[in-house]
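Inside the fold
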Amino acid sequence: MKLYVARSAEEWNRLTAQIVREVIEAKPDAVLGLATGNTPIGMYKELVRMYKAGEIDFSRVRTFNLDEYLGIDPGHPASFISFMKQHLFDHVNIDPDRMHIPKANPDDPEAEAAAYRELLRTYGPCDLQVLGIGTNGHIGFNEPGTSFDSVTSVVELHESTRKANAPAFGGDPANVPARAITVGISEIMTAKKILLLATGAGKADIMKAALEGEVTEQVPASVLQRHDDVVVVCDEAAASRLELPRSER
Ligand code: F6R
């Protein structure tokens, strides 16, 4: 596991986007697993800048988003497809036929999860999986207690997750969908490389538990200790409790 600690938001954005870019440069038809949330916004902004500057080409890239809420209109501003359009898809040359994200309002959520699982099997594994981390240790929407063997499925969100995500739904956790489709932990672990992102003091304790604590299903992100190519990019606040040696680049 490699840990980089950025000294500024600009450096964090550059470093994270550069890691994505290197994967695409090495393999122009790379399969990328993507995350939403507050953490990766600056990375996407820098990727859009790189694209506009002619420094990166997404035309052959395939993307799989990690998760999507269930039971909201895909056009809802807080849906993950809306997020991806706003922060990346509408601004770069990714082929719409190669962007994959579970449907937010399928007639049959279980069938949608099964179809997404098959799609991942067909085109995966991801060359790079980008991950954020929940303050409860979730990756994707794999909440504490999820089996490390889990595959893409319909899941219930924990109250703490609905509370954390409430700002995008007018501040009321009750407005946050109760269910989602998420890629499973076993599928996340098949990615060739994993880029784990964390910023802010609110992530310091969970980063310590996930990266340096016991590997346990109670802390889903702790499974990453078993992967042999994880790159972690934090700011000082999120890294403040970590004792792992820091890398420079
Ligand atoms: C989002 C996702 C979640 C987030 C996590 C952290 O696609 O899968 O696991 O990465 O909830 O969210 P932020 O970055 O908003 O703190």
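The structure under discussion appears in the preceding block.
Quantities reported herein were computed from a predicted structural model and do not represent experimental measurements. Residue numbers run consecutively from 1 along every chain, following the written order of its sequence. Predicted model: local features are reported for residues with pLDDT of at least 70 only, side-chain atom pairs are reported and counted for 80 or more only, and whole-chain, interface and lining totals are derived from all residues. To obtain the side-chain values, all non-hydrogen atoms of the structure were included, while hydrogens and water were left out.

**Some words on the site of the ligand**
Working definition: residue near molecule or strand if any one of its non-hydrogen atoms lies within 4 Å of it. In the vicinity of the ligand, 13 residues are found, and the nearest of them are Thr-39, Asp-67, His-138, Gly-140 and Lys-203. Here a polar contact is taken to be a pair of N or O atoms separated by no more than 3.5 Å, where protein atoms must pair a possible hydrogen donor with a possible acceptor and residues adjacent in sequence count only if both atoms sit in side chains. Within the backbone of Asn-38, one N or O atom sits 2.8 Å away from an oxygen atom of the ligand. At 2.7 Å from an oxygen atom of the ligand is found a main-chain nitrogen or oxygen belonging to Gly-140. Surface accessibility in these figures is a Shrake-Rupley result with a 1.4 Å probe; residues are shielded only by whichever protein chains are displayed. Bound to the protein, the ligand loses 90% of the 410 Å² it would expose on its own.

**Focus on the packing of helix H1 (residues 9-26) against helix H2 (residues 41-52)**
For helices, the fitted line uses only the C-alpha atoms of the stretch in contact; every axis is such a line through C-alpha atoms, and the angle between N-to-C directions lies from 0 to 180 degrees. Numbering goes from the N terminus for both helices and strands, where a helix is a DSSP run of H or I of at least four residues and a strand is a run of E of at least two. In the contact formed by H1 and H2, the axes pass within 8 Å of each other and the chain directions differ by 65 degrees. Seen along the crossing, H1 lies across H2 with a hand that is right-handed. Note on element contacts: H2 touches H1 through Gly-42, Met-43, Glu-46, Leu-47 and Met-50, opposite Trp-12, Asn-13, Arg-14, Thr-16, Ala-17, Gln-18, Val-20 and Arg-21. Each residue is assigned to one class: nonpolar for Ala, Val, Leu, Ile, Met, Phe, Trp, Tyr, Cys and Pro, charged for Asp, Glu, Lys and Arg, and polar for all the others, Gly among them. By residue class, the composition of the contact of H1 with H2 is six nonpolar, four polar and three charged. Put simply, a crossing is left-handed when the front helix is turned counterclockwise from the back one by less than a right angle, and right-handed when it is turned clockwise. It only takes one pair of heavy atoms within 4.5 Å for two residues to be counted as in contact.

**A closer look at the sheet that holds strand E1 (residues 2-6)**
Two strands qualify as a pair provided that DSSP identifies no fewer than 2 bridges between them. In spatial order, the strands read E5-E3-E2-E6-E9-E10-E1-E11; together these eight strands make up an open sheet with parallel pairing. One side of each edge strand has no neighbouring strand; the edge strands of this open sheet are strand E5 (99-100) and strand E11 (246-247). Sheet analysis places strand E2 (residues 31-34) next to strand E3 (residues 62-65), joined by four bridges and oriented parallel. Within E3, the residue paired with Leu-34 across the bridge is Asn-65. Packed onto the sheet, H1 meets E1, E2, strand E6 (128-131), strand E9 (193-198) and strand E10 (230-235) and runs at close to 165 degrees relative to E9.

**What about the side chain of Glu-187?**
Mapped onto the elements of the fold, Glu-187 is located in helix H6 (residues 185-188). Relative accessibility thresholds used throughout: buried, under 20% of the residue-type maximum; exposed, over 50%; partly exposed, between the two (1.4 Å probe, protein chains only). In this tally, Asp and Glu contribute negative charge and Lys and Arg positive charge; neither His nor the terminal groups of the chain are included. Here, a salt bridge means any Lys or Arg side-chain nitrogen found within 4 Å of an Asp or Glu carboxyl oxygen. Although Glu-187 lies buried, it forms no salt bridge, and the closest oppositely charged side chain, Arg-117, sits 5.0 Å away as judged by the N-O distance. A distance of 2.7 Å separates a polar atom in the side chain of Glu-187 from the backbone nitrogen of Thr-152. Setting aside its immediate chain neighbours within four residues, Glu-187 contacts Arg-117, Leu-120, Ser-150, Val-151 and Thr-152.

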